[in-house]
Amino acid sequence: MPFDQIPRYGWCCQYLPPDGDAHAAHRLNPGTVTIATLSKLSGAARTAKLLDVLRRNLGALLGQLDIVAAAPPWRRLLRINSGLLPAYTHPIGQPLYGEPEVRALVEASLARAGAKAESAGIRIGLHPDQFCVLSSANPATLANSLDELEYHADILRMMGLAGGWHPHGAHFNIHGGGRAEGVDGFRRGFARLSEDARNLVTVENDEVSYGLDDLLPLADTVPLVLDVHHHWIKTQGQYIAPDDPRIAVVRDSWRGLRPIAHVSVSREDVLVDHDRDALPDFPALAAAGFKPRDLRAHSDRMWHRGINRFVGIHLEWADFEVEAKHKNLAVDDLERELRGA
DNA sequence: GAGGGTCAAGTCCGT
DNA sequence: ACGGACTTGACCCTC
């Protein structure tokens, strides 16, 4: 079956060994280095420090890909940590990435990573953080945001996943940003991206600034990523149905590729003793004194049977990235719910 | 080795 | 006006 026809779900950025093995956890997860630290180091030591972190991060990525490759086909989806190449877009880091030893390590490792993803049919995504605001009216912010997205395009390019429309379903996903400039502001920023980046970026509804309805006008420009938890918060309780007309708009925005969607659940220690089968009732929770900020926070696990079944019906049309603090263990929860594994 | 201050960046909300 | 949330808390200096 072609990779993009299999309904799938996966985890984001970090792997928790089910047996709690601390050495495995270190080997399989990224680290980082701050700009402040790099700034304090001299030339050779600065490069050495970056190389240390890069070896760890790229090794962790390759290890994560091996784990996902060993999972069943419907679990072959991975979000790569956007901090993979620290300081890549910063003036401190830029020259370091031009050094031969750094380039060789990064290029060779990402080529291997791309080959693993390709051979195992692993769908790849990334998620730049909140500082990436394509709609910003501030020229410096926009310039940083463009750099950041081109960095993400470079990662996918070095993995062999750039050139053309979302190769193998690859994407990097951002939010609409500030409301001030609206979707026209987003379009202005978007137009300044390289062609490769324009073919890789997606936009996701958030809880405060750009809800699903606000993003629909962008469906002709960029694929829409539906986050069902954000939608629930933004609309104060709406569980969108797969046959909702807006879902068709989202689906069409992907131009034939299976869409990506996000799921998360309110924290299990917020909804203590809450019914695990009935979908949480936002108006009732609000009336009971729960604040939106309490309901927004992500759970450790996919602990809610009703939400898991809700994901199950939406898998008909979308692949899901599971946003839970305990990562792959939360995907295991979903797996048990949907497949009885 | 433990503890605590610090970390490149934007935007919104609550106070 | 300012701290916190957002998210993936981790790094790194000091003791």
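Computed from a predicted structure; not experimentally measured.

Draft legend 1. Highlighting the overall build of chain A. The helix and strand tally for chain A stands at 14 helices and eight strands. Here chain A has a C-alpha radius of gyration of 20 Å; the compact-globule value for 341 residues is 20 Å, and the two agree. Taking the principal axes of the C-alpha coordinates as reference, chain A spans close to 60 × 50 × 45 Å. Sorting the 341 residues of chain A into buried and exposed places 52% on the buried side. For chain A, restricting intrachain contacts to residue pairs at least 6 apart in sequence, the fraction spanning at least 24 positions comes to 79%. Split by element, the accessible area of chain A, about 14,300 Å² in all, is 53% carbon and sulfur. One way to put it: in chain A the 37 positive side-chain charges average out to a point 3 Å from where the 44 negative ones average out.

Draft legend 2. Representation of the protein's contact with DNA strand C within the structure. Around DNA strand C, a shell composed of 15 residues is seen, among which Gly-31, Thr-37, Asn-81, Lys-325 and Lys-327 lie nearest. Taken together, the sugar and phosphate atoms account for 77% of what DNA strand C places within 4 Å of the protein. Note that a phosphate oxygen of DNA strand C is positioned 3.2 Å from one of the backbone N or O atoms of Thr-32. Contact between DNA strand C and Lys-49: a phosphate oxygen at 3.1 Å from a side-chain N or O atom of the residue. The residue inventory of the surface near DNA strand C, partitioned by class, reads two nonpolar, seven polar and six charged.

Draft legend 3. Quick peek at the environment of Ala-180. Along the polypeptide, Ala-180 turns up in the loop between strand 4 (171-175) and helix 6 (182-191). By relative accessible area, Ala-180 is classed as exposed at 76%. Remark: the alpha-carbon pair of Ala-180 and Ala-137, spanning 43 residues in sequence, is separated by 8.1 Å.

Draft legend 4. Quick peek at the nonpolar core. Ranked by internal contacts, the top residues of the largest apolar core, which has 86 residues, are Leu-85 and Ile-124. A total of eight residues in this core trace back to one element, the largest contributor, which is helix 3 (residues 43-70). Excluding residues within four positions of it along the chain, Ile-124 makes contact with Leu-65, Leu-78, Ile-80, Ala-117, Leu-156, Met-159, Leu-161, Gly-169, Ala-170 and His-171.

Draft legend 5. Up close: the packing of aromatic side chains. Applying the stated criterion across every chain, the model contains seven aromatic pairs. Ring geometry for Trp-11 against Tyr-15: centres 5.5 Å apart, planes inclined by 45°, an arrangement best described as tilted. A ring pair is formed by Tyr-88 and Tyr-151, whose centres lie 4.8 Å apart and whose planes are at 35°; its orientation type is tilted. A residue pair is termed long-range when its members are at least 10 positions apart, and Tyr-88 in the loop between strand 2 (77-80) and helix 4 (100-120) and Tyr-151 in helix 5 (residues 139-158) qualify at 63 residues. Judged by relative accessible area, which is 17%, Tyr-88 ranks as buried. Tyr-151 sits in the buried class, given a relative accessible area of 3%. Joined through ring pairs, the aromatic side chains of Trp-232, Tyr-239, Phe-282 and Phe-310 make up one cluster.

Draft legend 6. How the structure looks around the side chain of Thr-47. Considering the arrangement of structural elements, one finds Thr-47 in helix 3. When sequence neighbours within four positions are dropped, the list of residues in contact with Thr-47 reads Leu-96, Glu-99 and Val-102.

Draft legend 7. Structural detail: the pairing of strand 6 (residues 224-227). Residues Leu-224 and Leu-226 point to one face of strand 6 and Val-225 and Asp-227 to the other, with burial holding for every one of them. As judged from the two bridges shared by strand 5 (residues 201-204) and strand 6, these two strands associate in the parallel manner. Counted as the bridge partner of Val-203 is Leu-224 from strand 6. Across two bridges, the pairing between strand 6 and strand 7 (residues 260-263) is parallel. Directly across from Asp-227, in strand 7, lies its bridge partner His-262.

Procedures and definitions
- Residues numbered from 1 in each chain as written.
- Chains lettered and ligands numbered in written order.
- Predicted model: local features only at pLDDT ≥ 70, side-chain atom pairs only at ≥ 80, totals over all residues.
- Heavy atoms only, no water.
- Helix = DSSP H or I, 4+ residues; strand = E, 2+ residues; numbered from the N terminus.
- Rg over C-alpha atoms; globule rule 2.2 N^0.38 Å.
- Buried < 20%, exposed > 50% of the residue type's maximum accessible area, 1.4 Å probe, protein only.
- Contact = heavy atoms within 4.5 Å.
- Areas by Shrake-Rupley, 256 points an atom, 1.4 Å probe, with all protein chains shown as cover.
- Lys, Arg positive; Asp, Glu negative; His and termini not counted.
- Charge placed at Lys NZ, Arg CZ, Asp CG, Glu CD.
- Near = heavy atom within 4 Å.
- Polar contact = N/O pair within 3.5 Å; in protein donor to acceptor, adjacent residues only side chain to side chain.
- Nonpolar A, V, L, I, M, F, W, Y, C, P; charged D, E, K, R; others polar.
- Core = buried A, V, L, I, M, F, W, Y, C linked by side-chain atoms within 4.5 Å.
- Phe/Tyr/Trp six-rings, centres within 6.5 Å; stacked < 30°, edge-to-face > 60°.
- Pairing = 2+ DSSP bridges.

By themselves, these observations are geometric and do not establish any function.
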